[in-house]
Amino acid sequence: MPVGKTLISAAQIHRRTRELGQLISNDHAGKELVVLGLMNGSIFFLTDLLRSITIPTRLETCRLQSYQDTHTTGQIRGIENLEGEFRGKHVLVVDDILDTGLTLSKLTAALRAQKPRSLRTAVLLSKQVARKARVTAHYIGFEIPNHFVIGYGLDYNGAYRSLPSIHLFNPA
Ligand code: 5GP
Ligand code: MG
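Here the structure is a predicted model, which means the values were calculated and not measured.

Trainee: Would you take a moment to explain the site of ligand 1 for this structure?
Mentor: Surrounding ligand 1, one finds 17 residues, the nearest of these being Thr100, Gly101, Thr103, Val149 and Asp155. For ligand 1, an oxygen atom lies 2.8 Å from a polar atom in the side chain of Asp96. Measuring from an oxygen atom of ligand 1, one finds a backbone N or O atom of Gly101 at 2.7 Å. Summarising the interface, the protein chains cover 93% of the accessible area of ligand 1, which totals 500 Å² for the free molecule. Among the detected pockets, ligand 1 sits in the largest pocket. Those elements that provide at least two residues to the shell around ligand 1 are strand S4 (65-68), strand S6 (90-98) and helix H3 (102-112). Ranked by residue count, the leading element in the shell around ligand 1 is S6, at four residues. Looking at the shell around ligand 1 residue by residue, the classes come out as seven nonpolar, five polar and five charged.

This is the structure:
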């Protein structure tokens, strides 16, 4: 059975997402926030987080890909799909999980070139691993062990995204 033990329940995710939304709203009080969601993995976190943020937001998305099966390819495809106006804006990048850090470091470098007024990052999960890029997220939902996980947007080759909780993935 590929769907392993529940690591984080739907209720835990929703509680923590509301806390993060409040924190982000307080930190950016009085400002408008451009929220850039990285597709597809962040889809549920992005939409739940957006609804927990009480300041005005604008939504942008960008489709990036780095994983094949359960391993990072080390290559981030899709940065060229980055659209939207970030110059002079307060920007929050939202991703599902911080692993090697390559995705967030390459993306934030591309964004910085557009001179945003401020740039922060939020991830639902952060794996306790040696990062390949010096990067951290400003807002982290949960620290998890170095194990491949699925559910709540996170996939295995496109499958299992719609599970409401985060599960360990059992390889065949
Ligand atoms: P990084 O570039 O930090 O190594 O990896 C970030 C991306 O790799 C995430 O956006 C996600 O798409 C994918 N990823 C990393 N770890 C996992 C995992 O445990 N499960 C799934 N489904 N995707 C992961
Ligand atoms: Mg991703």
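Trainee: Whenever I open this one, the pattern of salt bridges confuses me. Can you help?
Mentor: Where side chains of opposite charge bring their charged atoms close, a pairing between them can arise. Using the criterion set out here, one finds five salt bridges in the structure. Across the pair Arg58 and Glu32 runs a salt bridge whose closest N-O atoms are separated by 3.0 Å. Of this pair, Arg58 sits in strand S3 (residues 57-63) while Glu32 sits in the loop between helix H1 (10-27) and strand S2 (33-39), placing them 26 residues apart in sequence.

Trainee: What is the right way to read the sheet that holds strand S9 (residues 149-150) from this model?
Mentor: Across a sheet, strands are paired by hydrogen bonds formed along the backbone, either parallel or antiparallel in direction. Read from one edge of the open sheet, three strands run S1-S10-S9, paired in antiparallel fashion. The open sheet has two edge strands with one neighbour each: strand S1 (3-8) and S9. Relative to strand S10 (residues 166-169), S9 runs antiparallel, the two being bridged by two bridges. Each bridged residue has a counterpart across the sheet, and for Val149 the counterpart in S10 is Leu168.

Trainee: Which parts of the structure should I look at to understand the environment of Ser52?
Mentor: Tracing the backbone through its elements, the reader meets Ser52 in helix H2 (residues 43-52). In contact with Ser52, not counting residues within four places along its chain, are Thr17, Arg18, Gly21, Gln22 and Ser25. Here the side chain of Ser52 touches Asp48 through a polar contact of 3.1 Å, landing on its backbone oxygen.

Trainee: Which parts of the structure should I look at to understand the pairing of strand S7 (residues 118-127)?
Mentor: Every other side chain in a regular strand lies on the same face of the sheet, so the side chains alternate between the two faces. Here S7 lies mainly inside the structure; eight of its 10 residues are buried. Inspection of the sheet shows S6 paired to S7 by eight bridges, in the parallel sense. Counterpart to Leu92 in the pairing with S7 is Arg120. A crossover connection joins S6 to the parallel S7 through H3; in handedness this β-α-β unit is right-handed.

Conventions used here
Residues numbered from 1 in each chain as written. Chains lettered and ligands numbered in written order. Predicted model: local features only at pLDDT ≥ 70, side-chain atom pairs only at ≥ 80, totals over all residues. Heavy atoms only, no water. Near = heavy atom within 4 Å. Polar contact = N/O pair within 3.5 Å; in protein donor to acceptor, adjacent residues only side chain to side chain. Areas by Shrake-Rupley, 256 points an atom, 1.4 Å probe, with all protein chains shown as cover. 1 Å grid on protein atoms, 1.4 Å probe; cavity = no way out; pocket = protein on both sides within 12 Å on 5 of 7 lines; lining within 4 Å. Sits in = over half its atoms within 2 Å of the grid points. Helix = DSSP H or I, 4+ residues; strand = E, 2+ residues; numbered from the N terminus. Nonpolar A, V, L, I, M, F, W, Y, C, P; charged D, E, K, R; others polar. Salt bridge = Lys/Arg side-chain N within 4 Å of Asp/Glu carboxyl O. Pairing = 2+ DSSP bridges. Contact = heavy atoms within 4.5 Å. Buried < 20%, exposed > 50% of the residue type's maximum accessible area, 1.4 Å probe, protein only. Right-handed = clockwise from strand over helix to strand, strands pointing away.

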